[in-house]
Amino acid sequence: MTSKWEKFQQRSFLESNARTRAIGLVDSGSFTELAGPRHRITSPHLPLLGEAVEFDDGIVTGVGMIGKKPVFVASQEGRFIGGSVGEVHGAKLVNIVHLARKSYDKLLTANPDLPEEKRPAVIISFETGGVRLHEANAGLLAHAELMDQFQDCKGKVPIISLIGSRVGCFGGMGFVAAATDVIIMSQFGRLGLTGPEVIEEEMGKDEFDASDRALVYRTTGGRHKYIMGDCNILVEDTITAFRQALQEVLVKPYVEIATMGCIGSLKKVQSQLKLVDLCARVSPKDAKDIWKIAGNDNPDALTDMPLDVFLQTVKHLTNSDQGE
Amino acid sequence: MSKQLHELIFELKAENPTDFPVDFSHFGVVGSGDMEVIIEQKALAGAVRIKIVSPVTGYDEVWRRVLERFVNETGIANASLEINDNNATPVVVSLRLRQALSEIV
Amino acid sequence: MKKTRQWDTRKTDYLERMSGAAPYISQGKVVIAENCVNVLEAVIRPFDRVNIEGNNQKQADFLAESLIKCNTQRIHDLHMVQSAVPLPVHLDMFEIGIAKKLDFAYGGPMGGRVAEAIKTGKLELGAIHTYLELFARYFIDLTPRISLVCAYEGDADGNLYTGFNTEDTPVIVEATKFSQGIVIAQVNKLVDKVTRVDIPGEWVDVVIESPKPFFVEPLFTRDPANITDTQVLMAMMAIKGIYGEYGVKRLNHGVGFNTAAIELILPTYGEELGLKGKICTEFALNPHPTLIPAIESGWVESIYSFGGELGMQKYCEARGDIFSLGPDGTMRSNRAFSQTAGHYACDMFIGGTLQIDKYGNSSTATATRVAGFGGAPNMGCDAKGRRHPSDAWLKCGEEFTTQGKYLGSMPRGKKLVVQMLESFGEKMVPGFVDELDAWQLAQNANLALPPVMIYADDLTHILTEEGIAFIHKCENLEERMAAIRGVAGFTEVGLAAKPVETKALRDKGIIKTPEDLGIDRDRANRSLLAAKNVKELVDWSDGLYDPPDRFRNW
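Residues numbered from 1 in each chain as written. Chains lettered and ligands numbered in written order. Predicted model: local features only at pLDDT ≥ 70, side-chain atom pairs only at ≥ 80, totals over all residues. Heavy atoms only, no water.

A. View of the overall build of chain B. Within chain B, the regular secondary structure consists of two helices and seven strands. Put simply, chain B runs from its N terminus to its C terminus through helices and strands in the order β-β-β-β-β-α-β-β-α. Over its C-alpha atoms chain B spans a radius of gyration of 13 Å, differing by no more than 12% from the 13 Å that the globule rule assigns to 105 residues. Dimensions of chain B, computed from C-alpha atoms along their principal axes, come out at roughly 45 × 25 × 20 Å. Long-range contacts, defined here as pairs at least 24 residues apart, represent 82% of the contacts in chain B between residues at least 6 apart. Carbon and sulfur atoms provide 46% of the accessible area of chain B, an area that totals close to 4,800 Å². Distance from the positive charge centre (10 side chains) to the negative charge centre (15 side chains) of chain B: 4 Å. (Helix = DSSP H or I, 4+ residues; strand = E, 2+ residues; numbered from the N terminus. Rg over C-alpha atoms; globule rule 2.2 N^0.38 Å. Contact = heavy atoms within 4.5 Å. Areas by Shrake-Rupley, 256 points an atom, 1.4 Å probe, with all protein chains shown as cover. Lys, Arg positive; Asp, Glu negative; His and termini not counted. Charge placed at Lys NZ, Arg CZ, Asp CG, Glu CD.)

B. Spatial organisation of helix α5 (residues 111-119) of chain C. Residue and element names in this part refer to chain C. Buried within α5 are the following residues: Gly 111, Val 114, Ala 115, Ala 117 and Ile 118. For α5, the angular spread of buried residues about the axis comes to 165°, placing them on one side. Of the surrounding elements, those touching the buried residues of α5 are α4 (88-95), β5 (99-104) and β6 (124-128). Positive phi shows up at Gly 121, right after α5, with a value of about 85°. (Buried < 20%, exposed > 50% of the residue type's maximum accessible area, 1.4 Å probe, protein only. Arc of directions from axis to C-beta.)

C. Local environment of the interface of chain C and chain B. At the interface, 13 residues of chain C touch 15 residues of chain B. Between chain C and chain B, a total of about 1,400 Å² is buried, with carbon and sulfur atoms accounting for 60% of that surface. Three residues, Met428(C), Phe490(C) and Leu495(C), lead the burial of chain C against chain B; their summed loss comes to 45% of the area buried on that side. When the shortest N-O distance is used, the salt bridge between Glu466(C) and Arg69(B) registers 2.9 Å. For the pair chain C and chain B, the number of links is one residue pair in polar contact (both at pLDDT 80 or more). Looking at the side of chain C that touches chain B residue by residue, the class counts come to four nonpolar, two polar and seven charged. (Buried area = accessible area lost by both parts, 1.4 Å probe. Salt bridge = Lys/Arg side-chain N within 4 Å of Asp/Glu carboxyl O. Polar contact = N/O pair within 3.5 Å; in protein donor to acceptor, adjacent residues only side chain to side chain. Nonpolar A, V, L, I, M, F, W, Y, C, P; charged D, E, K, R; others polar.)

D. Molecular detail of the nonpolar core. Leu67(C), Met80(C), Ile184(C) and Tyr243(C) are the most contacted members of the largest nonpolar core, which has 126 residues in total. Looking at this core, the element that brings in the most residues is helix α8 (residues 229-246) of chain C, giving 11 residues. Core analysis: the second largest hydrophobic core is formed by 47 residues, Trp291(A), Ala294(A), Met305(A) and Leu317(A) among them. (Core = buried A, V, L, I, M, F, W, Y, C linked by side-chain atoms within 4.5 Å.)

Below you can see the structure in the form of structure tokens.
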């Protein structure tokens, strides 16, 4: 008789709601939800706009275990107003990270020699379009507060992003995710800043046709992000695949985890700036132009090839590609 | 001229009541055309109290019929239900309520 | 003394018109794109009956854009006879006076503009038809004088390759050419030798290579990611309560998510029920991507298509035992033949609808959109001319209680015609109504009759989330109306149902709920789908299915 947790493991990550992801990513039966539906902390603003509310305001937060490690979990629900960040949603997200850091401080004060395998980590399953426009100020504030929390976590608590849900990770949350230590994605995940419809609206259909989903995924999807180096690990679309990748990351020494992000050192920033130079020099018309520069002779084949073949054969964009 | 969410409250009693077995349960996501529900034990002399919060109004009778059928078919008793609705059709409501109960098994 | 009458005026008229076009034609039948307007102005006369390929899927868009550039002093008041008017340019022609009258079958996205044009007097509506009906009239009283068609390839002799998305072209060209009409074709590419001769050069007068490929829409692709749990429940009911019950082997699926869900649970739920080989073996159907898992799992023996479907070409070519392929190895389709197959050679039509009235008349017409019905009326009706038996047809005929009304004791079969809908549509719009919106449309657009897609006397089964109503089993109109109320859920129509009546109908087997069918509602969810998204369809097809860009989410 398979438990609910066991059933979740084989589920499509893309199809799974926020709660399923939160429960399934940590060890079986270890997840405790905090500030969940039971507490009914709904948005104080949405009713005034005649908009439906949700008891968890579109985010599941809580604590679980992965091995001996306490893991502080945030999992966004894309089906509730696009997973957008409102006041309560934002506060929950900020506070779960804050709680992780406070736990670190408490644990290390009690035992300064606490082995790494028992030190807390934060995992965030992003599924969001960014700021909830109905609660714009609160949403924006939450973004700032979250970045602040990330800073406090530096040197202490690793923060890992998991992106593989329908809405993707866009808006301000795009740069929030980019500020975490590790990003794990599936090919169905998307990571970006401005959403495709907004790009089309601002720049015109000739510049970016939002209905051309293939284009959208070439620009912000998991495979492209993996080639670009914006995502560290690309996995199959199951909860267990994400969980396994997570486990592999969490056993690494924190010193190593801290080097895996896109930013955080002068060298990394310089690397990012080189990308800007590359773009200016090459004026790519499509992501495939960059894939070719990265050393992939047949960029057209990269989208459809099975994931395992892709991972074996694909060439990342490296520092040397960016040239001088 | 501010809007609001509409509240509907029903108190129903099943023909063959069975006490709701757990303290607290929750099911669903408030997506467009969908709903979530909290079901908690509550001593109501065999009755069920259901509160619906919805941006849409004018379907009181439809809600009543859907909920009456649900209560009679399942026999749910001594329970309090709180629903956050987002324009779910009766099909979806019936489905989610039943799914909420089967999660408890 | 016998007055002499000219008996070859069609021919002389043809020669006269073509002589006007002659200066622009070179190398056999070729006209360069720049001269297209000149040629059209030379061969078309005011008040002509003109067909333009306005198919369901492919469009002779370059020719349409050229026609609208013609001088309205020279070309005006045309009578357009075409299957569909889905492009804005099709309606623009009426706005500027190039066209005046319209006979068609499907308006799709332009339905609103059709209604508007009728109201303002810019468009005089001949009639709405179903495709095969319109094709029939091409040979009797709606014969085009000029037909503007499109093809993938053409050569200097006029041979055309219409390829995997052939659709209406053969029937249009034959009707036009054999009444001495003029056929002008736009082709994607002028070649030395066409891949396959689908239309012989003799039947074509002008070939023009268009600046860009003709427009084609992937109308039959449904993303499995959008299928809901309710649609899965209804699909389970359809398979167990109807397909399996009657042994439906030969059928057509009206396009939509409801039927896509059925296609996707054949390899899972259908397999569980042990129905492989007993149902869904032969289809009159376009190449639905959602049918790929069932095909790969060995359910389907053959499919004849109305047209192609963007992205499915390679898959179809690699499945020659299932789809129609020419000797050259590429797919062949034909709407006239497939519609005929859907009418006579299929035992069931099943599709969705927007509204059903309390009597069982079904329509997708709304008060302000003349959308037309495409092929549904032709396939969704009893084929009274049919004489050959099949198990499903005989069983349905036996159950049809009012069969004997005018037949006396003579037995007869009946085609299954099934309509699927949820009692409430999106945003709580009721699917069951007292009076169809079609009545209002008839008034607004000056139509002779309210446009009905499927009439109540052809309808045999209604399937909602509440259950299946076997309305052909009812004794009389009153009982039919009670059966409809019994599955109409909590709509006003459904609220008028008397529980006692509904129970009696269940006892008689006229209404069957999921429980009556032994279907576990808890299993009715997306996990039953053999493919849950477009990528999985691609995987099922071993990479042969190449989805259009709008469906790619990886």
